Amino acid sequence: MALAAEISKNLKSLIQEFEKALDQASSLQEAEEARVDFLGRKGRLAVIMSQLPLLSPEDKPLIGRLANEVKDSLNQILNDKIRNIQHKAQEERLAVFDPSMPGRTPDTGTVHPVTRVINDICAIFVRLGFDIVTGPEVETDFYNFEALNLPPGHPARDMQDTLYISESIVLRTHTSPLQVRTMLKRQPPVAAIAPGKVYRRDSDLTHTPMFHQIEGFLVDTQVSMADLRGTLTAFAHEIFDPGVKVRFRPSFFPFTEPSAEVDISCVMCKGGGVSSDGGPCRVCKETGWVEILGCGMIDPAVFQKVGYDPEKYTGFAFGLGVERVSMLKYGIGDLRMFFENDLRFLSQFV
Ligand code: DAH
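Not measured: the values here are computed from a predicted model.

Rules behind the numbers
- Residues numbered from 1 in each chain as written.
- Predicted model: local features only at pLDDT ≥ 70, side-chain atom pairs only at ≥ 80, totals over all residues.
- Heavy atoms only, no water.
- Pairing = 2+ DSSP bridges.
- Helix = DSSP H or I, 4+ residues; strand = E, 2+ residues; numbered from the N terminus.
- Phe/Tyr/Trp six-rings, centres within 6.5 Å; stacked < 30°, edge-to-face > 60°.
- Buried < 20%, exposed > 50% of the residue type's maximum accessible area, 1.4 Å probe, protein only.
- Lys NZ or Arg CZ within 6 Å of the ring centre and 35° of its normal.
- Domains from an automatic or database assignment.
- Axes fitted to C-alpha atoms, helices over the stretch in contact; angles between N-to-C directions.
- Parallel < 35°, antiparallel > 145°, perpendicular 65-115°, else oblique.
- Contact = heavy atoms within 4.5 Å.
- Nonpolar A, V, L, I, M, F, W, Y, C, P; charged D, E, K, R; others polar.
- Polar contact = N/O pair within 3.5 Å; in protein donor to acceptor, adjacent residues only side chain to side chain.
- Left-handed = near helix turned anticlockwise from the far one by under 90°.
- Near = heavy atom within 4 Å.
- Areas by Shrake-Rupley, 256 points an atom, 1.4 Å probe, with all protein chains shown as cover.
- Core = buried A, V, L, I, M, F, W, Y, C linked by side-chain atoms within 4.5 Å.

(A) Structural view of the sheet that holds strand β4 (residues 169–171). Ordered by their spatial adjacency, 3 strands build an open sheet running β2-β4-β3, and the pairing between neighbours is antiparallel. One side of each edge strand has no neighbouring strand; the edge strands of this open sheet are β2 (138–140) and β3 (163–164). With 2 bridges joining them, β3 and β4 adopt antiparallel strand pairing. Following the sheet pairing, Tyr164 is matched in β4 by Val170.

This is the structure we're talking about:
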């Protein structure tokens, strides 16, 4: 057979053979193997085409054109096959995909009620010109007690069931050490609040070994008890309700003189002492008042410890329990709720 006829025959039969080879291929990988076999640099088409230079000048362009057509056909067949394989794969995926299933809602977190109240309280005091300060939870005896007018052996140390790390290192029992830390760093006028965790050796229905406090204080010349009253009354109106009544009751704290405790009219019974079902109000135990914080005028003994002149400066301080405020604000009856991380509880605070 003349060479031209033979090449032409071989070229044409490539198409059928390629189709056959691809019929066997069921994956992209196998299709690729067939492509290399037929269309690759050393593939069957290339081998046939390497004979073209041997053709006569008349045959060369004819066979050349045929070779190009065959090449196009092979590529066409290959592309169809690839599309076919991809389509099948897609169908297999869709066979197990149920578009009528409800979608997955992404879980969005909510802010814990303790964090929320801390944020709210901080925002109120920042608006009043207070800075936010923080300090260590593992504290020395000096900052936690001694500089706050609680020398060793002072009976008031028993008020706070301290967790000791060593004889002179404690887990802070209150955020009041931040008064001392801040005053040692800054000169008056200074106004700051200090939110944070505190620890006590105490655990029952109404006490947890860790809870949160916010300490606040302000020092300047001529700060009076009236400033304390005004500030804390404005705060109570802001955090609870402008309608709450606020009262100051004499009390005792070693680091303030005079000292007071602040009550607000009961948020549950509105001060009437009777709950909505007609029974006695359990939140205020029928008194109509609930305590929210301790406060007072900073004791000159504290000023002496931090090197402030007690003749020149006066100041007020207060400390409140965050969980307590949160319970009153959101009507939460059980302290344990804050620590159990039950999502049914937490997800209500959106
Ligand atoms: N540190 C006190 C406590 O934990 C709370 C307190 C009371 C802080 C009166 C004050 C204050 O700054 O003036 O029980």
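Once you've had a look at it, read on.
(B) The arrangement of the packing of aromatic side chains in detail. The tally for this structure, following the rule as stated, stands at 13 aromatic pairs. A ring pair is formed by Tyr308 and Tyr313, whose centres lie 5.9 Å apart and whose planes are at 55°; its orientation type is tilted. An identical accessibility class is assigned to Tyr308 and Tyr313; each is buried. A connected cluster of aromatic rings, assembled from ring pairs, spans Phe125, Phe130, Phe235, Phe316 and Phe318. Here the basic side chain of Arg181 rests over the ring of Tyr143, its NZ or CZ set 4.0 Å away from the ring centre.

(C) Spatial organisation of the domain arrangement of the protein chain. We note that the domain assignment places domain 1 (2–95) and domain 2 (113–346) within the protein chain. Each of domain 1 and domain 2 was reduced to a C-alpha centroid, and the two centroids are 85 Å apart.

(D) Focus on the packing of helix α5 (residues 113–127) against helix α10 (residues 322–330). The interhelical angle for the contact between α5 and α10, taken along N-to-C directions, is 95°, at an axis separation of 9 Å. In terms of orientation, α5 and α10 fall into the roughly perpendicular class. Judged by residue contacts, Pro113, Val114, Arg116, Val117, Ile118, Asp120 and Ile121 of α5 engage Val322, Glu323, Val325, Ser326, Lys329 and Tyr330 from α10. Among the residues making up the contact of α5 with α10, the classes are represented as 8 nonpolar, 1 polar and 4 charged.

(E) Main features of the side chain of Asn144. Within the secondary structure, Asn144 sits in helix α6 (residues 141–144). Polar contacts involving the side chain of Asn144 include one to the side chain of Thr173, which spans 2.9 Å. Not counting the four nearest positions on each side in its chain, Asn144 is found in contact with Glu139, Gln160, Val170, Arg172, Thr173, His174 and Pro177.

(F) Focus on the packing of α5 against helix α8 (residues 225–239). Interhelical geometry of α5 versus α8 gives an angle of 135° and a closest axis separation of 11 Å. Taken together, α5 and α8 sit at an angle that is classed as oblique. As for how α5 packs across α8, the hand of that crossing is right-handed. Packed against α5, whose contacting residues are Asp120, Ile121, Ile124, Phe125 and Arg127, the element α8 presents Thr231, Leu232, Phe235, Glu238 and Ile239 at the interface. A per-class count over the contact of α5 with α8 returns 6 nonpolar, 1 polar and 3 charged.

(G) View of the site of the ligand. Near the ligand, the surroundings consist of 16 residues, among which His174, Ser176, Arg200, Gln213 and Glu215 are the closest. In the environment of the ligand, an oxygen atom lies 2.8 Å from a nitrogen or oxygen atom belonging to the side chain of Gln213. Contacts to the ligand include Phe318, whose backbone N or O atom sits 3.3 Å from an oxygen atom. In the complex, 92% of the free accessible area of the ligand, which totals 350 Å², lies under the protein chains. Breaking the shell around the ligand down by element, the ones donating at least two residues are β6 (210–220), β9 (289–298) and β10 (314–321). A breakdown of the residues in the shell around the ligand according to their chemical character gives 5 nonpolar, 9 polar and 2 charged.

(H) Highlighting the nonpolar core. Counting residues in each nonpolar core, the largest one holds 47 residues, and the members touching the most others are Ile121, Leu232, Phe240, Ile264, Leu293 and Cys295. No other element matches α5, which puts 7 residues into this core. Among all residues touching Ile121, those that are not within four sequence positions of it are Ile193, Ile214, Phe235, Ile239, Leu320 and Val325. Counting 25 residues, the second largest nonpolar core, distinct from the first, contains Leu178, Met183, Val190 and Val306.

(I) Fine view of the pairing of strand β8 (residues 256–265). In terms of burial, β8 is a largely internal element, 8 of the 10 residues being buried. The pairing of strand β7 (residues 246–253) with β8 spans 7 bridges and is classified as antiparallel. Each residue of the ladder has a partner; that of Phe248, found in β8, is Val262. Where β7 folds back on β8, the antiparallel hairpin that results is connected by 2 residues.

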